[in-house]
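Next come the chains, spelled out residue by residue.
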Amino acid sequence: MNKKINRVAVLGSGIMGSRIACHFANIGVEVLLLDIAPKELSAEEQAKGLALDHPSVKNRIVNAALLNTVKTNPSPVYTKSVLNKITTGNFTDDMAKIATYDWIIEVVVENLGIKKQVFDQVEQYRKPGTLITSNTSGIPIHMMAEGRSADFKANFCGTHFFNPPRYLRLLEIIPTPDTDPKLVDFLMHYGDKFLGKTTVLCKDTPAFIANRVGVYSIMSLLHLVEKMDLSVEEVDKFTGPALGRPKSATFRTTDVVGLDTMIKVSKGLYDNCPQDKAHELFKLPAYVAQMEANNWLGDKTKQGFYKKTKTADGKTEILALDLKTLEYRPQQKVKSSTLDLTKPIENVKDRMKVFAAGKDKAGELFRASFFGLFEYVSDRIPEISDELYRIDDAMRAGFAWDLGPFEVWDAVGIADSLEGMKKYGHEAAAWVHEMLAAGHTTFYKVEDGVKKYYDIPSKSYKAVPGTEAFVVLDNLRGNKTIWKNSGASIIDLGDGILNVEFHSKMNTIGGDTLQAINKAIDLAEKEYRGVVIGNDGANFSAGANVGMIFMMAVEQEWDELNLAIRMFQNTSMRIRYSSIPVVVAPHNLTLGGGCEFSLHADHVQLNAETYMGLVEFGVGVIPGGGGTKEFALRASDEYKDDQIVQNALKDRFLTIGMAKVSTSAVEAFELGYLQKDKYSISMNRSRLIADAKAKAIELADAGYTKPVQRKDIKVLGKQGLGIVYAGANTMYSGHYISEHDKKISEKLGWVMCGGDLSSPTEVTEQYLLDLEREAFLSLCGERKTLERIQSIVTKGKPLRN
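Think of each chain on its own: its residues are numbered from 1, step by step along the sequence as written. Restriction of local features to residues with pLDDT of at least 70 applies here, the model being predicted, together with a cutoff of 80 or more for giving and counting side-chain atom pairs; totals for whole chains, interfaces and linings are based on all residues. The basis for the side-chain values is all heavy atoms of the structure; hydrogens and waters are excluded.

Enquirer: If you had to explain the packing of aromatic side chains to someone new, which residues and values would you point to?
Expert: Two numbers describe a pair of aromatic rings. These are the distance of the centres and the angle of the planes. Between the rings of Phe, Tyr and Trp (Trp by its six-membered ring), a pair exists once the centres lie within 6.5 Å; its type follows the angle of the planes, with under 30 degrees stacked, over 60 edge-to-face, and the other angles tilted. Tallied over the entire structure, the rule returns 30 aromatic pairs. The interplanar angle of 5° and the centroid separation of 4.0 Å between the aromatic rings of Tyr216 and Tyr376 together place this pair among those described as stacked. Here Tyr216 is found in helix H10 (residues 210-228), whereas its partner Tyr376 is found in helix H17 (residues 361-379), with 160 residues between them in sequence. The burial state of Tyr216 is the same as that of Tyr376; both residues are buried. Geometrically, a charge over a ring is one whose NZ (Lys) or CZ (Arg) sits within 6 Å of the ring centre while staying within 35 degrees of the ring normal. Above the face of the Tyr101 ring, Arg7 is positioned so that its terminal group lies 4.2 Å from the ring centre. The ring centre of Trp401 lies 3.6 Å from the NZ or CZ of Arg245, which sits over that ring. The secondary structure listing takes helices from DSSP runs of H or I that are at least 4 residues long and strands from runs of E that are at least 2 residues long, numbered from the N terminus. Here the term buried applies to any residue with accessible area under 20% of the maximum for its type, exposed to any over 50%, and partly exposed to those in between, with areas from a 1.4 Å probe on protein chains only.

In structure tokens, the structure reads:
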């Protein structure tokens, strides 16, 4: 299907409608956002003497909704400028405009009658062939299509985004029997490549896939809480990051999403799934029903399973709900021997067997909940999906689980778990027993770098569809790793491209990481064509290993620290000045040294959700891996006349001095971390390494030539220092910064201005690197700096004398 999506009309501006509109604007699409016109004037409108037909009145609902959405945190937009892509209007005056739009998305209230009224209007104006979808979370898609024209039916399906659409990666595609299969293929591809989604094909069954399984899992926990006498804090501790789930875990997530939302889906499943073996589980426990009656729905009503209050001395305190008394009380510390055993285990898959064998409440809850979940998902095939991988994809992308249920089952051991399931009153579906009897012991396996799933109808393993466009490092480590040390690995991606993967905690950068980068470039210059620096971790890199820096500084091992910083700088320079292209592929947190590597790359292929920044100022130092030098160089390239000189220096100085971190890849460019024509954005994180590899090949094919180090960097010397020192003094005198912050500011200015040169001068990169290293080392000797680093390393414990 040769469709192009340049303009999208979103019908309905509520929580989801406005956020969906924002996300389309994020990717550069022109958006028309419509909603109903008010039937009554507000008090403010009456006071102004406005009438119902006044344009500001007619668009009041849609404009207020969009404004409220933009104010939310985290932001639904990559940068405020994308809002220029959104035009607002109302159904009465502006519905005819949809005739010129490529995709119409209905996001009105979850009421079949209202949705059909909207579709009546849509049919009046949409041109034949225009894509029309609904974002319903529960109404059967085929019922919405009843009575519509043949063209409408052929171009209609469900597109269920998860809230917030910018951040949650799931997009469920739900066709009807009349939907054109080519349209389904188009949406699966478009959602993946352009919207950055994990697109999951669903059957038109109650709650589709993610909510069907996710709400079962939550309802199971809500009932187990009573049975096992668990507290809110215990459940959230046991079902959080240690289990590969979000930090908000179970109850905090419910507060954020809204207890009423979960109740609505649960009641819908109870009413519409009478044959479900878990039917009675969808009934609300008494304490949840009482919370609903009390209107304790979570954040939207200021209290739910948690409640934020103020103490007598004005400090914020978050109380937890006692599920027995339904009274709020201070949160209680949770201890667990099982959780303690999982702490040193980095790979979440390896933690699953520890949980399954746990002897305390955490282990008991794991078995009681997951054994039931294993039964439930095995029974849902083929009802909600013919393929098991779709269920795992939906749960990872929609509920932010690190592992889907079948992946957890694999990690625990399928055969080992069956006996345990029986003890807890659960039984796997017949197809699972048949699979094991045929000698197939896992739901997934990797062969020749390709992930395969067990296909139930054919009773064989098949490659997971759609993943041929991805490079999954997890699938390559086994037989494609050509070199490794404790902090990083070099993996052969094929086609002459090597990848350096960090695997330290938080992917922090130490000597072993630097060694790996240099080794990869050495190898590539001899036998390969290019290097990618990227990984599949939660974050690209949290920066340099400050613990290592702290130990050297405390022991006053200045020669060793000087060598370490020099090696860091040399590695950044090697990334830029090698004879092969080096592409850095950051995502999520890309701080400090991770940012500095990006600053020196031939090309940065970054995920849209990249939070990049030079944050060293907060630790008490300046960027020491080439970052300060690079910002001085880029300021120099922006110099045109005296006024621009000062503005360029000021902007770059403040970006470092205020430790500004981008909230998106787009903002990283606005902050100066990225350069025009030297970066590309991958919307879908799963495509990032593959896109970076393709860019490295492109650069190599274009006849990549080793760059020449710069010797023409204009610095201002004393002229610039006067500006920096005056500004730092003013901030200090006004009590906006501490004396130590003033000292860091002056050191930063010293490097960016090239020292106290008598007049503006052109200098080399190495000259600035030497100043940068000297300033970094001198700040490491400051007690205030050591105290800041110590607080990070020891999580707030005081520095000992």
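Enquirer: I'd like a rundown of empty space enclosed by the protein, residues and numbers included.
Expert: Site definitions follow a grid-based scheme: protein atoms alone, a 1 Å grid, a 1.4 Å probe that fits but cannot get out for cavities, and for pockets an open set with protein on both sides within 12 Å along at least five of seven lines, plus lining residues having an atom within 4 Å of a point. Grid points are joined across faces, edges and corners, and a volume is the space filled by probe spheres set on the points. Counted by the stated rule, this structure contains three cavities of 30 Å³ or more. Put simply, the largest cavity is a space of about 120 Å³. Lining the largest cavity are 15 residues; nearest its centre among them are Leu221, Thr239, Leu243, Ser369 and Phe370. Broken down by secondary-structure element, the contributors of at least two residues to the lining of the largest cavity are H10 and H17. By the convention adopted, Pro, Cys, Tyr, Trp, Phe, Met, Ile, Leu, Val and Ala count as nonpolar, Lys, Arg, Asp and Glu as charged, and the other residues, Gly among them, as polar. When its residues are assigned to classes, the lining of the largest cavity shows 10 nonpolar, four polar and one charged.

Enquirer: How would you sum up the sheet that holds strand S12 (residues 444-447)? Please name residues and give values.
Expert: Spatially, S12-S13-S14 is the arrangement adopted by the three strands of the open sheet, whose pairing is antiparallel. Two strands bound the open sheet, and with one partner strand each, they are S12 and strand S14 (460-463). Across the sheet, the axes of successive neighbouring strands diverge by a mean angle of 40°, strand direction being ignored. The pairing criterion for strands is at least two bridges between them, as found by DSSP. Of the pairings in the sheet, the one linking strand S13 (residues 450-455) to S14 comprises four bridges and is antiparallel in character. Bridged to Tyr454 within S14 is Tyr461. Here an angle of 0 to 180 degrees is reported between the N-to-C directions of two axes, which are lines fitted to C-alpha atoms, with helices fitted over the stretch in contact.

Enquirer: Which residues make up unusual backbone geometry, and what values go with them?
Expert: In this model, Asn73 is joined to Pro74 through a cis peptide bond whose omega is 5°. In this structure, the amide linkage connecting Ile381 to the following residue, Pro382, adopts the cis form with an omega of 10°. Within the secondary structure, Pro382 sits in the loop between H17 and helix H18 (388-399). You will see that Met506, though not glycine, has its phi angle at about 60°, which is positive.

Enquirer: So, the layout of surface pockets: which residues are in play, and what are the values?
Expert: Estimates place the volume of the second largest pocket at around 800 Å³. Those elements that provide at least two residues to the lining of the second largest pocket are helix H23 (511-527), helix H24 (546-554), helix H25 (558-576), helix H26 (593-599) and helix H34 (783-793). At five residues, H24 tops the list of elements feeding residues into the lining of the second largest pocket.

Enquirer: Just give me the short version of the sheet that holds strand S11 (residues 327-330), but keep the residues and values in it.
Expert: As summarised here, the arrangement of the three strands in space is S9-S10-S11, forming an open sheet in which the pairing is antiparallel. Sheet topology places strand S9 (306-310) and S11 at the edges, where each strand pairs with a single neighbour. Within the sheet, the average angular offset between the axes of one strand and its neighbour, ignoring direction, is 45°. Sheet analysis places strand S10 (residues 316-322) next to S11, joined by four bridges and oriented antiparallel.

Enquirer: Go over helix H16 (residues 348-356) with me, naming the residues and quoting the values.
Expert: Because the α-helix completes a turn every 3.6 residues, residues three or four places apart line up on one side. Turning to H16, its buried residues number three or more, namely Val348, Arg351, Met352, Phe355 and Ala356. Looking straight down H16, one finds that the buried residues subtend no more than 140° of arc, so they occupy a single side. Contacts are assigned to residue pairs that have any heavy atoms within 4.5 Å of one another. Tucked into the core, H16 has its buried residues touching helix H11 (232-238), helix H15 (337-342), H17 and helix H19 (405-412). Contacts described as polar in this section are N or O atom pairs within 3.5 Å, which, within protein, must combine one atom able to donate a hydrogen with one able to accept it, while residues neighboring in sequence count only if both atoms come from side chains. Its side-chain oxygen 2.9 Å from the backbone nitrogen of Lys349, Asn347 forms the N-cap of H16. For this quantity, the arc is that covered by the directions from the helix axis to the C-beta atoms.

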